[in-house]
Every structure is written in C-alpha cells, then in structure tokens.
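Next come the chains, spelled out residue by residue.
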Amino acid sequence: MLCTPGEHRVTRRKFLGASAGAVGLGALANPAVADELKKQRRQVLFVWLDGGMSQLESWDPKPNTPFGGPFRSIQTSVPGVRVSELLPQCAKQMHRLALVRSVSTQDNSHSAGVDRIQRGDPKNRGVTYPYFGSAVAKLVGAGDSGLPPYVWVKPMSGGFIYKHAGFLGPKFGALALGDGKPPENLLRPKDLSAEADDERNELRKLLDKEYAANRRPELTEANTHAFEMAAQLQKKIELFDLSKLPQKDQDRYGSHDLGRHLLLARRLLEAGVTFVKVTSYGWDTHGDHFNGAASLHPKFDKPFAAILEDLADRGMLDNVLVIACAEFGRTPRINGHIGRDHWPEAWSVAMAGRGIKRGVVAGRTNDTGTDVATDPVDIGGLFHTWFRALGVNPEEVQYRNAGQPLPIAHDDMKPVSEVLA
Amino acid sequence: MSAQPKAASNAPKEVGKPIAVPVQASRVRFSPDGKVLAVACFDAKARRYDVSGKEPAELPALGEHNGWLSALAFGEERLFTADSWGRLSAWDGATRAWTVEAAHDGWLRALAVTKAHVFTCGRDGFVRAWSAADGKKIAEFDAKADVLSLCASESTLFAGDLFGTVRTFELPALKPGRAFEVKEFYKLDRIQDVGGVKCLALSPNGKSLFAGGAEPKGGGFVECTPLLVAFDLASGKRTSQWKGANPAEGFVTDLAPHADGRVLFTTSGQPGQGKLHVWKPGDATTSFSGGKLPNCHSVALHPNGEVAAVSATNANSSGNGRVKGTGGDYPNNASPVQMWKV
C-alpha cells in the first residue's frame with residue numbers, strides 16, 4: 001500500500017463527532033475540535049548528540065569493570081534498571097523511557113556515520129534516502145499547525161536544508177533555526193505596510209517564476225518553499241520569545257544552548273510542529289573524556305528529563321515520539337589522552353512517548369560493554385521501530401520515487417518489538 | 001614562548017625497562033624512605049613495587065576501592081588512597097588502618113598530606129580535612145566548583161579548581177585566604193567546561209607555588225597547549241611560566257619540584273603526545289623534554305633526588321572501532337612506569 005494524503009486527515013466521523021453543535025468553518029475554532037485534532041497529532045522530538053555520547057557514562061554503565069570508567073551507576077524509577085550517576089534527572093524519568101542497549105551499527109566515521117544513521121542506512125538502491133525528519137514530514141505530514149513539518153533547532157547558523165530530503169524533494173527539507181532563532185528578516189519591517197509587503201511578495205513570486213523557467217525544478221522549489229515556510233513562521237513569531245516563560249521553566253532546562261533549544265522544542269511541539277530535531281555539538285570526546293562527560297552529560301540530563309516531564313504533564317507523550325540518539329557510542333577502551341574513541345559496535349539509544357512501552361530495557365551488552373550479548377539492533381531496525389510507533393507500518397507503506405517503489409526502512413530488518421507498545 | 005628544549009649535558013636518562021603496570025594509572029608516588037613506589041590504577045587498586053633492590057619487585061596490591069583509584073599520597077608513616085566513588089583509606093603497609101566510605105559524594109579528585117592531617121577535594125565541590133590518625137573529619141569548605149588538585153605545606157592548603165582558581169586555606173581549620181588566578185586554564189567551549197588546575201606543587205624551599213594545566217583550544221577532542229605557571233608566594237605574583245608549542249600536546253599532568261630548583265613535570269595530549277620535561281623557573285624553555293613512552297600522566301621524585309618515576313601510556317593507545325589485540329582479544333591500554341636518572 002502506498003502512502004496517501006488521506007491517511008493524514010482527520011476522519012469525517014471523528015471530525016463530525018467532535019464538531020457537533022458547531023456550524024461550518026466556525027467548528028475549527030471550537031475547543032472540542034481543536035482538542036480532537038491535537039489528540040490525533042503524531043509528532044517526534046529527535047535529540048541528536050553530535051559526535052557520540054558514551055553509552056558507558058549514560059544508559060549502559062559498567063561500574064567496577066575494566067572499561068567502566070570512574071563513575072557510579074544509580075538506581076532509576078524502574079526497579080533493577082540503573083544508569084550512570086551523570087544522569088540523575090533522567091533516572092527519575094526512567095518509568096517513561098525505553099532503552100535499547102544492543103544497538104550495533106556499521107560506520108565509525110562521523111562524515112559517513114551521521115548520514116547513514118539519520119537516513120536509516122537502507123539497502124543501496126542508487127537513490128539518496130531522506131533523513132528521518134524528512135521521512136516523517138512526508139509520511140505523517142504537517143498536521144494542523146500551519147507550521148513547517150520539519151524544524152531543526154541547532155547551534156550556529158540556520159537556513160533551509162533541502163539536502164535532508166533526499167529523493168523526496170526539497171519541500172521536505174529541514175527548516176534550521178540557527179541558535180534557536182527565527183530566520184533573519186522574518187518579520188515585516190515596521191515602516192513597511194502590509195499592502196506594500198504583499199506587493200513585494202507578488203513581485204518576488206513573478207521573478208522567481210522567471211528564474212525557475214530555465215532551471216532544475218528541485219533547486220527553485222526549495223527556494224520557493226523556504227519563503228513559504230518563513231511566512232508560516234511569521235504568524236507564530238511569539239514562539240521564539242522564551243523570556244516570557246516562567247523563570248522556573250528556564251531554570252529547569254538550563255541557560256546553555258541545549259537547555260534553551262529543548263525548551264524551544266517543547267514550544268514548537270506544543271504549537272503542533274510534526275518533527276523537531278534538536279542538535280547539540282561537541283560530544284566527540286576523544287580527550288579528557290571523563291571530565292568532558294562530567295560537564296556535558298548533566299547538560300543533557302536536566303533538560304531532557306524536563307521535557308519528558310512536561311510532555312507527560314501536558315498529555316503529549318501519547319502523541320510525541322521522543323528519541324535521544326547519535327551516530328555511534330564511544331569505545332570501551334580508554335586512550336592515552338583519557339578519551340574514548342568512536343564505537344558503533346555496542347551502544348544505546350533512548351526513546352519514549354508515542355507507541356513506545358514505558359520503563360523497559362531491550363537488549364544488553366556483555367559484562368564489560370565490549371559486545372552486544374543479545375540480537376544486535378542496527379539503525380534499520382530502529383527506523384522500523386520508530387515508524388511503527390508513529391503508526392506507519394513499513395510492511396505496508398512505501399515511498400514512490402519517479403515510479404520506483406522504495407521501502408521506507410531497511411527491507412531485511414525488523415522493529416524492536418520489546419519496546420513497542 | 002618556545003617549547004623547544006635546550007641541549008643539556010645533564011639531561012635525564014631512562015634507566016632499565018619500564019615496570020609493566022598492566023592497567024592505566026593516574027598517579028605514582030615514592031614512600032618517604034624511597035623503598036616503595038605506589039601506583040594509583042584505573043582498576044581501583046594501588047599497585048606497589050619494592051624499588052630498593054636492583055629490579056623492582058611487586059608487592060601485594062591494595063584493593064577495597066571502587067571505580068578508579070584517583071589519588072594516593074604518602075604521609076610520614078601511612079599511605080592514603082582515594083577513589084572515584086568517594087572512598088578514602090589509610091594503610092599501614094598492606095593493612096588498612098581506617099576508611100571513610102563517603103569522604104566525598106563521588107569522584108575524590110586529589111589528596112594532600114601534612115604530619116597530622118590528610119586533605120581531600122572532589123567533584124562535589126568540597127575541600128575536606130581529616131585526621132591522619134583515625135580518619136575523623138576536622139573541617140570542610142564548600143568551594144561550589146569542581147576542585148581538581150591540592151598541595152599543602154604544614155600551615156597552608158592550596159586547592160585548584162575547574163575554573164583556574166587556586167584558593168588558599170589556613171590549616172587545619174580550612175579558613176579561606178587569598179586566591180591565585182590562572183584564567184587561561186579554563187574555557188567554556190559550546191556547552192563543555194574544559195580544563196582546570198590539573199596539578200599543584202610547592203617548591204621544596206616553600207617560596208614558590210607551581211600550577212599545571214593547559215590553555216584549551218576546544219572541547220571534545222580537547223586540544224590544549226600545556227601551561228605551567230609559577231607564583232611567588234610572598235608577593236602572590238606570577239613570576240614565570242612555560243607554555244607548550246601546540247594544542248596537540250595537552251595538559252601538564254603532574255609536577256615534581258626538585259631541591260636544586262628545577263621542576264620535573266609530565267604532559268599528555270593527543271595519543272602519542274606527552275613527555276617528561278625539566279624546567280628551571282624563569283627560563284623560556286625546558287632544559288629537557290623527552291622519553292620513549294608517550295602520554296605521561298604522573299611523575300614522582302625519589303627522596304634521594306636522583307631518580308624519578310614516570311607513569312606513561314603504551315604506544316598506539318587510540319583507535320576508532322574495534323582494536324584487536326595480538327590474540328584477537330579487545331585489549332585495554334596500560335601505564336608502564338619508567339625510571340629516570342635525573
């Protein structure tokens with residue numbers, strides 16, 4: 001079965017049921033209808049710890065073993081499940097989390113690994129697969145928010161990253177918010193009237209059309225789509241003003257990049273964005289790793305636990321699939337610079353929320369953390385798991401690229417059934 | 001300031017084969033009588049070697065710790081050991097004299113010893129004073145920062161933190177005094193705190209304080225240029241410094257000031273980088289920088305002043321993915337200890 005736009009619409013029966021008593025388009029303003037639409041949202045929060053967080057100092061500690069490092073493990077809210085002492089707040093949220101401790105992937109270089117993981121490392125069919133965010137934007141859709149479906153909150157610069165979309169085409173690319181800020185010049189200048197702005201946009205569209213006439217459509221579509229998305233964000237500019245949130249929220253998430261960006265992610269999810277990716281850079285701790293982990297991990301721990309708690313409090317964990325991931329883990333072996341190097345052989349991924357069992361651990365590594373001791377899970381298996389969690393069955397749904405049917409996840413792999421609700 | 005050493009006729013020379021410590025280590029120290037060399041190891045043991053004969057002979061290791069053995073220091077009569085889970089112990093030979101199970105909440109970073117007291121600091125931000133006789137807590141100070149390094153005279157404790165500040169404390173009550181700053185030791189890179197005062201030592205004449213660390217370029221890989229700073233204790237002024245040549249060289253990891261005025265110190269940076277160095281405060285360069293083994297993490301000076309022990313790392317210690325040992329196993333790295341005639 002091919003994916004069709006109809007799958008993403010509110011069913012007529014549900015719409016009518018929810019809007020009973022309302023009249024015509026006015027029903028959309030009805031809180032009952034709005035609530036029903038919110039309940040049907042399928043969303044993703046994808047936290048990317050670029051460079052690779054150590055599994056041994058996070059989800060799969062091996063204290064008092066040859067490669068275990070200096071840190072202790074601590075009890076979590078799930079009896080028998082322990083995590084590193086560097087994640088004390090996440091430990092309190094373990095009853096909402098599912099861990100896969102048997103992840104084993106294929107690439108130990110950043111340059112290839114980031115792409116392979118985020119595209120799901122499917123079989124090579126001579127096409128460039130989409131990143132997970134673009135895939136979800138296509139397969140789940142933009143929903144009812146009127147906002148771009150794939151928003152990427154990241155440090156440094158932003159822009160429209162159409163390359164994430166692969167063969168899906170530019171409009172499924174990522175709108176990257178550099179340092180969590182809206183695109184520059186998003187707002188209409190105060191001295192420019194709405195009418196004048198409209199006229200300028202019409203002129204721009206005309207020029208775009210002329211420009212596009214002699215160029216490849218995938219390039220010009222990206223440009224046009226970027227303007228459209230910016231216009232959508234313009235209507236929700238208040239989302240970016242975190243200063244009006246309670247100080248308590250800002251304290252719980254932290255004032256550093258990752259904290260601020262996860263707090264913005266919560267706002268974007270509340271506003272209905274389908275896929276929010278939050279990237280934190282600097283996790284490639286080849287040197288002075290344990291002091292690095294002592295500094296870095298708590299800055300993930302607090303805001304990640306806070307957003308889990310907040311999504312749960314708002315009843316959103318039933319809708320939002322939450323994933324914390326990287327391109328690989330880190331070596332058990334400790335190098336001479338007291339660092340850990342790249343390790344795709346045996347690492348961990350954490351998830352929670354929509355379609356995911358709560359408080360479970362799937363798979364395990366051996367006593368020293370050097371090998372997966374159960375069936376290894378490659379990224380293709382995780383893509384199967386995540387799509388299933390979102391209600392998209394990879395056995396039934398395919399992409400169609402210029403007439404070519406393509407599986408949405410690696411054909412030979414299966415979901416991690418132990419973590420699926 | 002160049003890091004290139006001058007040619008020196010009295011350059012240290014490696015003596016004999018390294019002691020094959022089978023795991024990685026953080027500290028080496030000689031006993032006051034010079035007969036025992038103790039090594040703080042990542043498998044939570046203090047390995048001990050009788051170095052009074054022609055060849056080092058291994059003595060029973062001291063265990064009963066957790067995580068890493070993160071620090072050790074000899075008092076006049078006892079050896080004190082500490083680990084990364086917060087335990088502090090005192091040993092009479094191979095017999096445990098006393099233990100404080102939770103001297104700190106987690107990583108106990110460093111130890112310093114006077115005749116009657118042992119001092120500790122930790123990632124929990126506390127500096128604490130204990131009775132060397134029975135392990136009773138005497139005093140504590142909440143520095144509200146990760147305290148990485150200590151050294152002490154009979155009257156003053158010096159404690160160096162993550163942010164490049166060295167605080168002084170009057171002993172034994174830990175009454176805070178003045179502070180010395182080496183702001184170059186710290187950098188916030190993205191969201192990572194990098195650096196800190198990695199090691200501290202007093203000159204044998206008690207007039208100078210030496211602080212070792214690095215000038216960080218960035219986090220992650222932690223590229224940083226080693227930096228050693230000397231302070232005059234009377235004036236509190238920074239009097240001289242030595243800085244490495246490039247950010248691959250890493251940190252100054254340990255210090256051993258010699259009675260003749262030279263300072264022996266070790267560095268460790270990117271795998272394969274790191275040496276034993278000899279520096280005379282005031283000189284622009286080291287008089288010696290070398291050694292066959294890289295990534296040196298500790299240096300101890302024998303009480304006779306003629307021999308030093310340097311804990312280093314085996315070659316080829318890094319590697320992404322699965323590194324295979326000769327038997328197809330997954331090997332750990334180790335810290336061979338090389339003796340030097342200095």
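Residues numbered from 1 in each chain as written. Chains lettered and ligands numbered in written order. Predicted model: local features only at pLDDT ≥ 70, side-chain atom pairs only at ≥ 80, totals over all residues. Heavy atoms only, no water.

A. The arrangement of the overall build of chain B in detail. Per the secondary structure count, chain B includes zero helices and 30 strands. Relative to a compact globule of 342 residues, whose C-alpha radius of gyration would be 20 Å, chain B shows 19 Å and is just as compact. Dimensions of chain B, computed from the C-alpha atoms along their principal axes, are close to 50 × 45 × 45 Å. A buried classification covers 58% of the 342 residues belonging to chain B. Residue pairs at least 24 apart in sequence account for 47% of intrachain contacts in chain B once pairs closer than 6 positions are excluded. (Helix = DSSP H or I, 4+ residues; strand = E, 2+ residues; numbered from the N terminus. Rg over C-alpha atoms; globule rule 2.2 N^0.38 Å. Buried < 20%, exposed > 50% of the residue type's maximum accessible area, 1.4 Å probe, protein only. Contact = heavy atoms within 4.5 Å.)

B. Region of the structure containing the nonpolar core. Residue and element names in this part refer to chain A. Membership of the largest hydrophobic core comes to 56 residues, with the highest contact counts inside it found for Leu 45, Trp 59, Phe 300 and Phe 304. Once residues lying within four places of it in the same chain are set aside, the contact partners of Phe 300 are Val 47, Leu 49, Met 53, Trp 59, Leu 87, Cys 90, Leu 258, Trp 283 and Ala 324. Counting residues in hydrophobic clusters, the runner-up holds 52 residues, among them Ala 98, Tyr 129, Ala 176 and Ile 379. (Core = buried A, V, L, I, M, F, W, Y, C linked by side-chain atoms within 4.5 Å.)

C. Broad picture of the environment of B:Ala82. Residue and element names in this part refer to chain B. One can find Ala 82 in strand β7 (residues 79-83). Once the C-alpha coordinates of Ala 82 and Pro 12 are considered, the two residues, 70 residues apart in sequence, prove to be 31 Å apart. With sequence-adjacent residues up to four places away left out, Ala 82 is seen in contact with His 65, Trp 68, Leu 69, Ser 70, Ala 71, Arg 87, Leu 88, Leu 108 and Leu 111.

D. Local environment of the sheet that holds strand β21 (residues 208-218) of chain B. Residues and elements named next belong to chain B. Ordered by their spatial adjacency, four strands build an open sheet running β20-β21-β22-β23, and the pairing between neighbours is antiparallel. For this open sheet the edge positions go to β20 (199-202) and β23 (238-243), each flanked by a neighbour on one side alone. Sheet twist, expressed as the average angle between the axes of neighbouring strands with direction ignored, equals 20 degrees. (Pairing = 2+ DSSP bridges. Axes fitted to C-alpha atoms, helices over the stretch in contact; angles between N-to-C directions.)

E. Structural detail: empty space enclosed by the protein. All names here are of chain A. A complete count under the given rule lists five cavities of 30 Å³ or more for this structure. There is about 80 Å³ of room inside the largest cavity. In terms of lining, the largest cavity is formed by Leu 49, Met 53, Ser 54, Gln 55, Ser 58, Trp 59, Ala 324, Cys 325, Ala 326, Phe 328, Trp 347 and Ser 348. (1 Å grid on protein atoms, 1.4 Å probe; cavity = no way out; pocket = protein on both sides within 12 Å on 5 of 7 lines; lining within 4 Å. Points joined across faces, edges and corners; volume = space filled by probe spheres on them.)

F. Molecular detail of the packing of helix α9 (residues 257-271) of chain A against helix α10 (residues 289-313) of chain A. All names here are of chain A. Direction vectors running N to C along α9 and α10 enclose 15 degrees, while the axes themselves pass 9 Å from each other. Between α9 and α10, the angle falls in the class roughly parallel. You can see that α9 and α10 cross each other, and the crossing is right-handed. Residue-level inspection shows Leu 258, Gly 259, Leu 262, Ala 265, Arg 266 and Leu 269 of α9 in contact with α10, the latter providing Lys 299, Phe 300, Pro 303, Phe 304, Ile 307, Asp 310 and Leu 311. In the contact of α9 with α10, the residues fall into nine nonpolar, one polar and three charged. (Parallel < 35°, antiparallel > 145°, perpendicular 65-115°, else oblique. Left-handed = near helix turned anticlockwise from the far one by under 90°. Nonpolar A, V, L, I, M, F, W, Y, C, P; charged D, E, K, R; others polar.)

G. Here's a closer look at unusual backbone geometry. Omega for the bond connecting B:Leu171 with B:Pro172 falls within 30 degrees of zero, at 0 degrees, which places this linkage in the cis form. If you trace the backbone, B:Pro172 turns up in the loop between β16 (165-170) and β17 (175-181). Phi angles above zero are rare outside glycine, and A:Met156 is one such case at about 65 degrees. Tracing the sequence through the fold places A:Met156 in the loop between β5 (150-154) and β6 (159-161). On the basis of relative accessibility, which here comes to 56%, the residue A:Met156 falls in the exposed class. Although it is not a glycine, B:Lys144 adopts a positive phi angle of roughly 55 degrees. The residue B:Lys144 is located in the loop between β13 (137-142) and β14 (147-152) in this model.

H. Geometry of the side chain of B:Asn333. Tracing the backbone through its elements, the reader meets B:Asn333 in the loop between β29 (307-311) and β30 (337-341). Looking at B:Asn333, its side chain comes within polar contact range of the main-chain oxygen of A:Ile334, at 2.7 Å. A distance of 2.9 Å separates a polar side-chain atom of B:Asn333 from the backbone oxygen of B:Ser317. If sequence neighbours within four positions are ignored, B:Asn333 has contacts with A:Arg333, A:Ile334, A:Asn335, B:Pro22, B:Val23, B:Gln24, B:Asn314, B:Asn316 and B:Ser317. (Polar contact = N/O pair within 3.5 Å; in protein donor to acceptor, adjacent residues only side chain to side chain.)

I. Structural context of the sheet that holds strand β28 (residues 298-301) of chain B. All names here are of chain B. Ordered by their spatial adjacency, four strands build an open sheet running β1-β30-β29-β28, and the pairing between neighbours is antiparallel. Bordering the open sheet on either side are β1 (13-19) and β28, each of which pairs with just one other strand. On average, each strand axis in the sheet is tilted by 20 degrees relative to the strand beside it, whichever way the strands run. Where β1 and β30 come together, four bridges link them in antiparallel fashion.

J. Seen up close, the pairing of strand β4 (residues 46-50) of chain B. Residue and element names in this part refer to chain B. In terms of burial, β4 is a largely internal element, four of the five residues being buried. Adjacent in sequence and paired antiparallel, strand β3 (residues 36-41) and β4 are bridged by four residues, among which Ala 44 carries a positive phi angle near 70 degrees. Bridge count for β4 against strand β5 (residues 57-62) is four bridges, and the pairing is antiparallel. Paired with Arg 48 across the strands is Leu 59, a residue of β5. Here β4 hands over to β5 after six residues, the two strands then running antiparallel side by side.

K. Examining the interface of chain B and chain A more closely. If you look at the interface, chain B gives 40 residues, while chain A gives 44 residues. Taking both partners together, chain B and chain A bury about 3,700 Å²; carbon and sulfur atoms supply 52% of that area. For B:Asp193, the salt bridge identified is with A:Lys299, shortest N-O distance 3.1 Å. Our count for the contact surface shared by chain B and chain A stands at 34 residue pairs in polar contact (both at pLDDT 80 or more). Its residues assigned to classes, the side of chain B that touches chain A comprises 12 nonpolar, 21 polar and seven charged. (Buried area = accessible area lost by both parts, 1.4 Å probe. Salt bridge = Lys/Arg side-chain N within 4 Å of Asp/Glu carboxyl O.)

L. Up close: the pattern of salt bridges. All names here are of chain A. Across all of its chains, the model carries 48 salt bridges over all chains by this definition. A salt bridge links Arg 260 to Asp 179, with the nearest nitrogen and oxygen atoms 3.2 Å apart. Taken together, the positions of Arg 260 in helix α9 and Asp 179 in the loop between β7 (174-178) and α6 (194-213) put the pair 81 residues apart, joining distant regions of the chain.

M. Up close: the confidence of the model for chain A. Residues and elements named next belong to chain A. With 92% of its residues at a pLDDT of 70 or more, chain A has an overall mean of 90. Mean pLDDT per element in chain A: helix α1 (residues 12-18) is the minimum at 38, and strand β3 (residues 82-84) is the maximum at 99. pLDDT under 50 marks residues 1-28. Its contacts with residues more than four places away, or in other chains, come to 34 contacts. (pLDDT = per-residue confidence, 0-100.)

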